Amino acid sequence: MKRLTLNQDSEIKVKDIYGKMHDCKDVPNEFYGCIRKLYDYENTGYNPDFIDTIPYILQDMAELLENPTTEHIKACKSKIDYILNAKDKAAS
């Protein structure tokens, strides 16, 4: 997913539907919070579909750790690696 926000000279800029970048001062105050949330989200490096799966992965890990066998700990480590590698792929 391509970024729609950019931090330039310590100011957040936002891209419109035509690809033109705008200073937030050009955007109505009512929308600044939305732009800030989008900027923070884009900084995570994850795509929206993957973010939706994270709670399920964590729940699965919590269930595995209720009985912390070596196999369960390895499975949790694998899930952590999966989350971290997904971020690397989304950011590139």
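Before reading further, recall that the structure is shown in the block above.
Everything numeric in this text was worked out from a predicted model, so none of it was measured.

Peer 1: Looking at this model, I keep getting lost on the pairing of strand E1 (residues 5–8). Mind explaining?
Peer 2: Put simply, side chains in a regular strand alternate between the two faces of the sheet. Pairing of E1 with strand E2 (residues 11–15) involves 4 bridges; the strand directions are antiparallel. Bridging across to E2, Asn7 finds its partner in Ile12. The loop that links E1 with its antiparallel partner E2 comprises 2 residues; one of these, Asp9, has a positive phi angle of about 55°.

Peer 1: Which parts of the structure should I look at to understand the pattern of salt bridges?
Peer 2: Opposite charge on two side chains lets them pair, provided their charged atoms get close. Following the criterion strictly, the structure yields 6 salt bridges and no others. Of the charged contacts, one joins Glu42 and Arg3 as a salt bridge, the two residues approaching to 3.7 Å between their closest N and O atoms. Here Glu42, found in helix H1 (residues 29–44), pairs with Arg3, found in the segment before E1; they are 39 residues apart in sequence, far enough to count as distant. A salt bridge links Lys25 to Asp23; the shortest N-O distance between them is 3.8 Å. A relative accessible area of 70% means that Lys25 is categorised as exposed. One salt-bridge network, in which partners are shared between bridges, spans Lys13, Asp23 and Lys25.

The rules we used
Residues numbered from 1 in each chain as written. Predicted model: local features only at pLDDT ≥ 70, side-chain atom pairs only at ≥ 80, totals over all residues. Heavy atoms only, no water. Pairing = 2+ DSSP bridges. Helix = DSSP H or I, 4+ residues; strand = E, 2+ residues; numbered from the N terminus. Salt bridge = Lys/Arg side-chain N within 4 Å of Asp/Glu carboxyl O. Buried < 20%, exposed > 50% of the residue type's maximum accessible area, 1.4 Å probe, protein only.

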